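A structural walkthrough
These are the residues of each chain, in order.
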Amino acid sequence: MKLKINFPTWRKRPIHLPLKQLRPRTNLLSFSITWFAAMLLLYSRNTSRRDLLPPRPVDVYFQPVDHHKDHQACVHPQLNLNDPVMAKLVTEFPPLVCKGRENLVTVYNGSVHFTAHLLSRQGTCDYYPISRVGDYNVTLAPPILDIKDGFQIPSDFSRIVCKVNGIKVYDGIHAGAAVTSGRVQRKEVPLENGFQGLSIAVLGFDSMSRMSWMRRLKKTREYFHKTLMAIELEGHNIVGDGTTAVMFPMLTGKFEWELPECRRNFPRATTLDYFPFIWHEMKRAGYLTSWANAAPHSAPFNYRMLGFKHPPTDFYTRPFYLMAQNVTRKTFQECFGSRTFSRVWFDYFLDIFSVYKDKRKFLFHFLVDMSHDDNNKITKLDDDLRDTVQQLHAGGHLNTTLLILMGDHGARYSEARGTWSGKLEERLPYVALLLPDWFQQRYPQAVDNLRANSKRLTTPFDLHETFKDFLRFRGSGKGDKTKRGISLFREIPLDRSCDDAGIAPHWCACLAWEKVSVYEEGAQTALQAALDKINTFTAPYRSRCALLSILDVTSASKLQTRKEVLKFSKTDADGGIYKIDFGAAHQSGVTIYQLTFHTAPGGGHFEATVTHDALSGVFTVNEKEISRINKYGDAPACILNENRQIRQYCYCKSQLLS
């Protein structure tokens, strides 16, 4: 058997690595010559294009946890908070201070407020409501002229322009919760079988693993976890790649591929208006709802997808941030005038509580820019986040609200992701829940189950089932592991496996992987299968996208079934997840390889999971189990407008000429 690896066009021809030549032979001279030639070849490959390679991954540094005494099926590694490999990547920044022009106007509690300085100048201010034109355009409605201090805002988002003696002295955009008849008159359905109208509020942050949160948001965690006694989910595992792979299971209870086609440039693709989002059910029960994402370009339901024809929730911030881009001609990164980016985002969240204190709420606010590319930037808002939670507590809002602080997943790029610790952290995001004190007294078993579940395998599907309990509480008994999602208020069985929970092997952090040599026959075939799959994605665009080849392999592992797993019965998984029989009689029937490698041209860094069925001899690669783990920048610019779905795989040939 031979592994054929296509190298870049600057190589004369593809190189074949015969497997037999990589094994010891009885002919010592023949073996020595072959070994020397192979080493010379590998040396030339690794030195001739060294400028393309990112830093080498570093071995994991963790302490395994022994759950044998508890007979727990899923055993996550106990990652070390003080891991020296990860600790050296942490940089703490001081709180951000914005030195831009003074904000002469503020909007809060449903009204406009002028500073004393502006009032003393006796100027005039005009109010322009920001009007949504679909999900990708906004405009300014006709102005309300000469508004006064205390003016009651008719819309959540506006541009306010002030002049003194005809000279503009202020021009800013504002967000605040407006009092509208539709919101005030929302009829609340009796929920005797739910939690009596208890609100849910989620503050989510992109790319924040549990470990990264503990290292970088120390003040927030100290207050939320240790002072207010929030419960952290220590074994919370993602079920797919990226933000939408968390959002769909959490908000709809389904994988993306179980929902109607909604991706751009795909036949019969539709907007997401009629998807089964939990906020639709909440709204029918009388809840006020929000989806507040602060990154219009990379928003989870807009970047690859068609977004919404109509506003999906009562509070929807996309028009505000689209206008922010239009006004400044760039994305706001840190400041709105003299106010921090994060403070504006937090204040809108708080204003909803202030204006609608006595209304049921389901709020989901998600921040991208301060953590997506670099987790260290989030240290700038540690004070703001802690203060926001403190304000909710001081205002009595936490007595009527389940507050969740969370990350969607860990870092997917950067030097950290190239380490073994980083790979595990990507799969284990931060999630912490805080319930009112009275909830424990009224539902003691439900809270006891939540505490027990904090040490067990949980997923975004479980959060979805937990949200449904707010509409109709289904009891706090034992959870059914044959169900993909289990409410956190029910006890999750100790013997729950990743397969039970709908987690593919590629994303399961509780499976045991053994490092293997890349020259192992199965590993080489798996590597070729992964490369072929990647090149298949770009094949229709071969005139523009280069044929990729293997530059080097940074790690190779295969799944080793634990003895304690073998006693559990096999389960069937839906939605494209592999069925893996862990029965003792079939433990060698399936081998799962995980490979990390660089490609050329372009220096792409990929991680792929490949399944080998020993009975059929077939190697299978699922497109959902290939991760690009370094940035691709402008490399796929030539196909972005036509097909964003393959952007991580395409290296435009035009880049070779630049």
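All of these numbers come straight from a predicted model, not from anything done at the bench.

Secondary structure summary: the protein chain contains 19 helices and 25 strands in total. Within the protein chain, the proportion of its 658 residues that are buried is 57%. Expressed as a percentage of contacts within the protein chain between residues at least 6 apart in sequence, the contacts between residues at least 24 apart total 73%. Element-wise, carbon and sulfur atoms account for 52% of the exposed surface of the protein chain, whose accessible area totals about 28,300 Å².

What follows covers the sheet that holds strand E19 (residues 401-407). Across the sheet, which stays open at both edges, the seven strands sit in the order E13-E20-E19-E12-E18-E14-E15 with mixed pairing between neighbours. Every other strand in the sheet has two partners, leaving strand E13 (231-232) and strand E15 (315-316) as the edge strands with one partner each. Where E13 and strand E20 (residues 431-434) come together, two bridges link them in antiparallel fashion. When the bridges of E20 are listed, Glu232 appears paired with Ala432. The strands touched by helix H10 (residues 341-355) within the sheet are strand E12 (199-205), strand E14 (288-293), E15, strand E18 (361-367) and E19, with E18 carrying the most contacts at an inclination of about 180 degrees. Here helix H11 (residues 382-394) sits on the sheet and contacts E12 and E19; the angle it forms with E19, its principal contact strand, is near 170 degrees.

What follows covers the confidence of the model for the protein chain. In the predicted model, the protein chain carries a mean pLDDT of 83, and the fraction of residues at 70 or more is 82%. Taken together, the stretch residues 1-70 has pLDDT below 50 and engages in 105 contacts with residues farther than four places along the chain or on a different chain. Segment residues 561-588: pLDDT under 50, and 47 contacts once partners within four positions in sequence are set aside and those in other chains are kept.

A few words now on unusual backbone geometry. The omega angle of the peptide bond from Ala600 to Pro601 is 0 degrees, so this bond is cis rather than trans. Following the sequence through the fold, Pro601 ends up in the loop between strand E23 (590-600) and strand E24 (604-613). At Asn109, a residue that is not glycine, the phi angle is positive and equals roughly 55 degrees. In this structure, Asn109 sits in the loop between strand E5 (105-108) and strand E6 (111-114). Despite not being glycine, Met229 shows a phi value in the positive range, around 65 degrees.

In this section: the state of the cysteines. What is meant by a disulfide is a covalent connection between two cysteines, made through their sulfur atoms. Here the structure, examined in full by the defined rule, presents six disulfides. Each sulfur in the disulfide pair Cys638 and Cys652 lies 2.0 Å from the other. Judged by the sign of its S-S torsion, about -95 degrees, the cystine formed by Cys638 and Cys652 is left-handed. Placement of the pair is Cys638 in the loop between strand E25 (618-628) and helix H19 (654-657) and Cys652 in the loop between E25 and H19, with a sequence separation of 14 residues.

With that out of the way, let us pick up the packing of aromatic side chains. Within this structure, the stated rule accounts for 44 aromatic pairs. Linked through ring pairs, Phe248, Phe275, Phe277, Trp279, Trp291, Phe301, Phe308, Tyr316, Phe364 and Phe366 together constitute an aromatic cluster. Above the ring of Tyr136, the side-chain terminus of Arg318 is found at 5.1 Å from the ring centroid. When the ring centre of Tyr303 is taken as reference, the NZ or CZ atom of Arg644 above it lies at 4.8 Å.

Relative orientation of the contacting elements helix H6 (residues 218-227) and H11 amounts to 25 degrees, with a least axis distance of 7 Å. Relative to H11, H6 is oriented roughly parallel. In this structure, H6 uses Lys218, Lys219, Thr220, Tyr223 and Phe224 to contact H11, whose residues at the interface are Asp382, Asp383, Leu385, Arg386, Val389, Gln390 and His393. In terms of residue class, the contact of H6 with H11 is made up of four nonpolar, three polar and five charged.

So, on to the packing of helix H7 (residues 244-252) against helix H16 (residues 460-469). Helix packing geometry: the angle between the two helix axes and the distance between the axes. H16 packs onto H7 with a crossing angle of 25 degrees between their chain directions and a minimal axis gap of 6 Å. As far as their axial angle goes, H16 and H7 are roughly parallel. Crossing of H7 over H16 shows right-handed handedness. Residues Val246, Pro249, Met250, Leu251 and Thr252 of H7 form the contact with H16, whose own contacting residues are Pro460, Phe461, Leu463, His464 and Phe467. Of the residues contributing to the contact of H7 with H16, the split by class is eight nonpolar, two polar and no charged.

Let us now look at the pairing of strand E8 (residues 137-140). Bridge analysis of strand E7 (residues 124-133) against E8 gives four bridges, and the strand direction is antiparallel. By the bridge assignment, Ser131 is partnered in E8 with Thr139. Counting the residues that bridge the hairpin from E7 to E8 gives three residues, and of these Gly134 lies at a positive phi of roughly 70 degrees.

Further remarks concern the pattern of salt bridges. If you walk through the whole model with that rule in mind, you get 37 salt bridges. Glu232 is the partner of Arg210 in a salt bridge, and the nearest nitrogen-oxygen pair spans 3.2 Å. Linking Arg210 in helix H5 (residues 210-216) with Glu232 in strand E13, this pair joins segments that are 22 residues apart in sequence. Residue classification places Arg210 among the buried positions, given a relative accessible area of 11%. Taking the relative accessible area as the measure of exposure, Glu232 reaches 4% and is therefore buried. The closest approach of N and O atoms between Glu491 and Arg456, which form a salt bridge, is 3.0 Å. Pair noted here: Glu491 is in the loop between H16 and strand E21 (513-515) and Arg456 is in the loop between helix H15 (444-453) and H16, with a separation of 35 residues, a long-range link. Relative accessible area serves as the criterion here: at 24%, Glu491 is assigned to the partly exposed category. On the basis of relative accessibility, which here comes to 12%, the residue Arg456 falls in the buried class. Three or more residues joined by partner-sharing salt bridges are found here, namely Arg210, Arg221, Glu232, Glu234 and Lys455.

About the thresholds
Residues numbered from 1 in each chain as written. Predicted model: local features only at pLDDT ≥ 70, side-chain atom pairs only at ≥ 80, totals over all residues. Heavy atoms only, no water. Helix = DSSP H or I, 4+ residues; strand = E, 2+ residues; numbered from the N terminus. Buried < 20%, exposed > 50% of the residue type's maximum accessible area, 1.4 Å probe, protein only. Contact = heavy atoms within 4.5 Å. Areas by Shrake-Rupley, 256 points an atom, 1.4 Å probe, with all protein chains shown as cover. Pairing = 2+ DSSP bridges. Axes fitted to C-alpha atoms, helices over the stretch in contact; angles between N-to-C directions. pLDDT = per-residue confidence, 0-100. Disulfide = S-S within 2.5 Å. Phe/Tyr/Trp six-rings, centres within 6.5 Å; stacked < 30°, edge-to-face > 60°. Lys NZ or Arg CZ within 6 Å of the ring centre and 35° of its normal. Parallel < 35°, antiparallel > 145°, perpendicular 65-115°, else oblique. Nonpolar A, V, L, I, M, F, W, Y, C, P; charged D, E, K, R; others polar. Left-handed = near helix turned anticlockwise from the far one by under 90°. Salt bridge = Lys/Arg side-chain N within 4 Å of Asp/Glu carboxyl O.

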